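Secondary and tertiary structure notes
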Protein chains: 2
Amino acid sequence: MNSIGSIQSFTILDAAKRIAPFINYTPVLTSHTINRLFKAEIFLKCENFQKVGAFKARGATNAILSLPESDLGCGVATHSSGNHAQALSWAASLVNTRAFIVMPVNSSKIKVAAVKDYGGEITFCEPDLASRETTLFRILEQTGAKEIHPYNNEQIIAGQATAALELIDEIKNLDIIMAPVGGGGLLGGTSLSVHYFLPEGKVIAAEPEQANDAYLSFTNRKFIPSLNPDTIADGLRTSLGTITFPIILNHVHRIVTVSEESIVKSMRFLWERMKIMVEPSSAVPFAALMEGKIEITGKKVGIIISGGNVDLDHLPWMKNG
Amino acid sequence: MNSIGSIQSFTILDAAKRIAPFINYTPVLTSHTINRLFKAEIFLKCENFQKVGAFKARGATNAILSLPESDLGCGVATHSSGNHAQALSWAASLVNTRAFIVMPVNSSKIKVAAVKDYGGEITFCEPDLASRETTLFRILEQTGAKEIHPYNNEQIIAGQATAALELIDEIKNLDIIMAPVGGGGLLGGTSLSVHYFLPEGKVIAAEPEQANDAYLSFTNRKFIPSLNPDTIADGLRTSLGTITFPIILNHVHRIVTVSEESIVKSMRFLWERMKIMVEPSSAVPFAALMEGKIEITGKKVGIIISGGNVDLDHLPWMKNG
């Protein structure tokens, strides 16, 4: 039980109930073409249709709504250049509290604009971890805001677990559930939902070869940080956390890696065949299928499509991508 | 009744039953952001998720399955450079018959490849109507194939009507249903479904200003052909037909036009906010809302999103678009 910490089955069920009025119950899409291609049944849980365009809305909402009211007065804070920044800003606005977001100065204009749109208050820092952490520490001291870590937080993990919970509830008897892995919030939560609610199911994670810290940590059963991640899947560049890593070690069955080329091809394939916008990180599990890394013939496979936030002026198959 | 010809309510219901095993029952998507923006409830019937990526699969399937078996032996034929070509090729393969498609030599490579993928047999012609018709006539003579016109065909219209039928059935008490108008197959079918199954509802069509033949024909109550259509909405460049025009005259309440700029903006807005790929023609009704052409405050508005086939290498907001 130690590996799970305090995230019990009711923690996830409570999270689902808590966030239901605020988040989207996202659709599960299928494609005959894709099923025929893999001789399997594939179910895409479309978190790209989630609030703020990514599963991160689940965790952020659960974390904020789980805080005692006395903790909310001074706002919440995080450092993030990605979907968590938007999710936290949006979720803070639900309870009329402030969100302080530390972002590196080189963050994309689109992401900065999105955070501002949701009401987040941005402090820029240098684009390195030390500067991010120092700046966040200063903000926390100055404002008294509560830090909400993007993944190394049990309420965040329980929130992210609700995507798989919905999928397991809607599509019966899945053999495999796949998710991408970055910091491990989504994967950790997914693996706990499978552990509790689909005990015969297997959890297979996919990660870019060029940001394979989770693969290495999992294989060597010891934490190995993400040092020079060089992947288009910008949501998957972070290292695992002290809470997410043990959960993953205990409840994930396999982690496979995929090439940059197949991430881009898979992303484009999903756009063209499914007519949905998915971001590069979302295409990583599907890329593992395209690369033939996993044998799924005859199986029922759920895939968490993690998000759909892309810059339409810079698509990876464009010259200026 | 003359205006409706032989398309009765049971014609549409029969079509729905006939094509159900083959086509997708497409989802209806909503967005809180969009509803808030317009202070209305907006429901997108997502035919971009339809087989072959467009509503055209409905009409083509219904037309082919309605033919007596004796008519199927020599195949079916049409001239089309767009979604109907793909839809007819795909639907012909369902009943193991051949599809002869006449396409202009300057058709995009992507569309040619898609038709071939679905098994269509292409004959190229010069890019003008005379050449298209002459070539089709020759093919019909040589092969004995049955012509399936893209819109001026009652079984096609009845098939296209089933999209609105599903929408009316799923979302109760819609005030308005909107559709784009090109040749009038989708709009004619939609207006008949509203006439029979949502008699209090209004049908409002939208058309590009730069291909405003339906608007002019409707306003002047006499047929005016599409002469020099110059719009990015490539599905909406055709003239109305002798069957579709009277239906539209009698059952459509209003036609509004929109600028090219707002078509592209609306298309991008739908991609970014809804995370779905819609083609330019599909964005035309939404563009009418964005331009404030229609008062919808407090109303329930259904929009038929007609298709999602776009060339991801040439998007309209790109320099090479």
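Bear in mind that the values here come from a model prediction, so they are computed numbers and not experimental data.

Residue and element names in this part refer to chain A. One non-glycine residue with positive phi stands out, namely Lys39, at about 50°. Structurally, Lys39 is set in the loop between α2 (32-38) and β2 (41-46). By relative accessible area, Lys39 is classed as exposed at 61%.

This part is about the relation of the copies chain A and chain B. Of the transformation placing chain A onto chain B, the axial shift is 0.0 Å and the rotation is 180°, giving an RMSD of 0.0 Å. Such a combination of turn and shift is consistent with a two-fold rotation axis. Residues of chain A ranked by C-alpha distance from the rotation axis are headed by Ile276 of chain A, positioned 2.2 Å from it. Interface overlap between copies is the fraction of interface residues in one copy that are interface residues in the other; for chain A against chain B it reaches 96%, indicating a shared surface.

In this section: the interface of chain A and chain B. On the chain B side, the residues contacting the 25 residues of chain A number 24 residues. Both sides of the chain A and chain B interface together cover about 1,900 Å² of buried area, and 59% of this is carbon and sulfur. Among the residues chain A hides against chain B, the three largest losses belong to Lys275, Leu312 and Met318 of chain A. Together they make up 34% of the total. The tally of links from chain A across to chain B stands at two salt bridges. Across the pair Arg268 of chain B and Asp313 of chain A runs a salt bridge, and its minimum N-O distance is 2.9 Å. The class makeup of the residues in the side of chain A that touches chain B is ten nonpolar, seven polar and eight charged.

All names here are of chain A. Counting across every chain of the model gives 22 salt bridges over all chains. Notably, a salt bridge pairs Lys293 with Glu291, separated by 3.0 Å at the nearest N-O pair. The class of Lys293 is partly exposed, set by a relative accessible area of 30%. Overlapping salt bridges bring together Lys45, Glu47, Arg58 and Glu166 as one network.

Residues and elements named next belong to chain A. Relative to each other, helix α1 (residues 9-19) and helix α8 (residues 154-170) sit at 80°, their axes nearing to 8 Å. On the basis of the axis angle, α1 is roughly perpendicular to α8. Contacts from Thr11, Ile12, Leu13, Ala15, Ala16, Arg18 and Ile19 in α1 reach Gln155, Ala158, Gly159, Ala161, Thr162 and Leu165 in α8. Class assignment for the residues of the contact of α1 with α8 results in eight nonpolar, four polar and one charged.

The next point concerns the sheet that holds β2 of chain A. Residues and elements named next belong to chain A. Taken together, six strands build an open sheet; the order of strands is β1-β2-β10-β7-β8-β9 and the sheet is mixed. Where the open sheet ends on each side, the last strands, each with one partner, are β1 (28-29) and β9 (254-258). Contacting β7 (176-180), β8 (202-208) and β10 (300-305), helix α9 (residues 185-197) crosses the sheet at an angle of about 165° to β7.

Grouped together as the largest cluster of nonpolar side chains are 84 residues, with contacts concentrated most on Trp271 of chain A together with Trp271 of chain B. Each residue touching Trp271 of chain B, except ones within four places of it in the same chain, is listed here: Trp271, Met277 and Leu312 of chain A together with Ile276, Met277, Val278, Val310, Leu312, Leu315 and Trp317 of chain B.

This part covers the environment of Gly144 of chain A. Residue and element names in this part refer to chain A. Within the element layout of this structure, Gly144 appears in the loop between α7 (129-143) and β6 (146-147). Judged by relative accessible area, which is 43%, Gly144 ranks as partly exposed. With 72 residues separating them in the primary sequence, Gly144 and Leu72 have C-alpha atoms 9.7 Å apart. Excluding anything up to four places from it in sequence, Gly144 contacts Cys74 and Ile139.

Before going further, it helps to examine the domain arrangement of chain A. Residue and element names in this part refer to chain A. Each assigned domain of chain A is listed here: domain 1 (3-54 + 154-305) and domain 2 (57-147). If you look at the interface, domain 1 gives 23 residues, while domain 2 gives 17 residues. At the boundary of domain 1 with domain 2, total buried surface from both sides reaches about 1,500 Å², with 61% on carbon and sulfur atoms. It is Phe22, Val52 and Ile156 that lose the most area in domain 1 upon contact with domain 2, and together they represent 39% of the buried surface on that side. Linking domain 1 with domain 2 are eleven residue pairs in polar contact (both at pLDDT 80 or more). Elements with a contribution of two residues or more to the side of domain 1 that touches domain 2: α1 and α8. Among the elements that take part in the side of domain 1 that touches domain 2, α8 stands out by supplying eight residues, more than any other. The class makeup of the residues in the side of domain 1 that touches domain 2 is nine nonpolar, seven polar and seven charged.

Another aspect to go through is the side chain of Asn62 of chain B. Residue and element names in this part refer to chain B. Looking at the secondary structure, you find Asn62 in helix α3 (residues 56-66). The class for Asn62 is buried, based on a relative accessible area of 0%. Once you skip the residues sitting within four places of it in the chain, Asn62 turns out to touch Ala15, Arg18, Ile19, Gln155, Ala158 and Gly159.

All names here are of chain A. Pairing is parallel across the open sheet formed by four strands, whose spatial order is β5-β4-β3-β6. Two strands bound the open sheet, and with one partner strand each, they are β5 (121-125) and β6. Note that strand β3 (residues 76-79) and strand β4 (residues 99-104) share four bridges and pair parallel. If you follow Ala77 over to β4, its bridge partner there is Phe100. On top of the sheet, helix α5 (residues 83-94) reaches β3 and β4; it is set at about 165° to β4, its chief contact.

Cut-offs applied
- Residues numbered from 1 in each chain as written.
- Chains lettered and ligands numbered in written order.
- Predicted model: local features only at pLDDT ≥ 70, side-chain atom pairs only at ≥ 80, totals over all residues.
- Heavy atoms only, no water.
- Helix = DSSP H or I, 4+ residues; strand = E, 2+ residues; numbered from the N terminus.
- Buried < 20%, exposed > 50% of the residue type's maximum accessible area, 1.4 Å probe, protein only.
- Least-squares fit on C-alpha atoms with pLDDT ≥ 70 in both.
- Contact = heavy atoms within 4.5 Å.
- Buried area = accessible area lost by both parts, 1.4 Å probe.
- Salt bridge = Lys/Arg side-chain N within 4 Å of Asp/Glu carboxyl O.
- Nonpolar A, V, L, I, M, F, W, Y, C, P; charged D, E, K, R; others polar.
- Axes fitted to C-alpha atoms, helices over the stretch in contact; angles between N-to-C directions.
- Parallel < 35°, antiparallel > 145°, perpendicular 65-115°, else oblique.
- Pairing = 2+ DSSP bridges.
- Core = buried A, V, L, I, M, F, W, Y, C linked by side-chain atoms within 4.5 Å.
- Domains from an automatic or database assignment.
- Polar contact = N/O pair within 3.5 Å; in protein donor to acceptor, adjacent residues only side chain to side chain.

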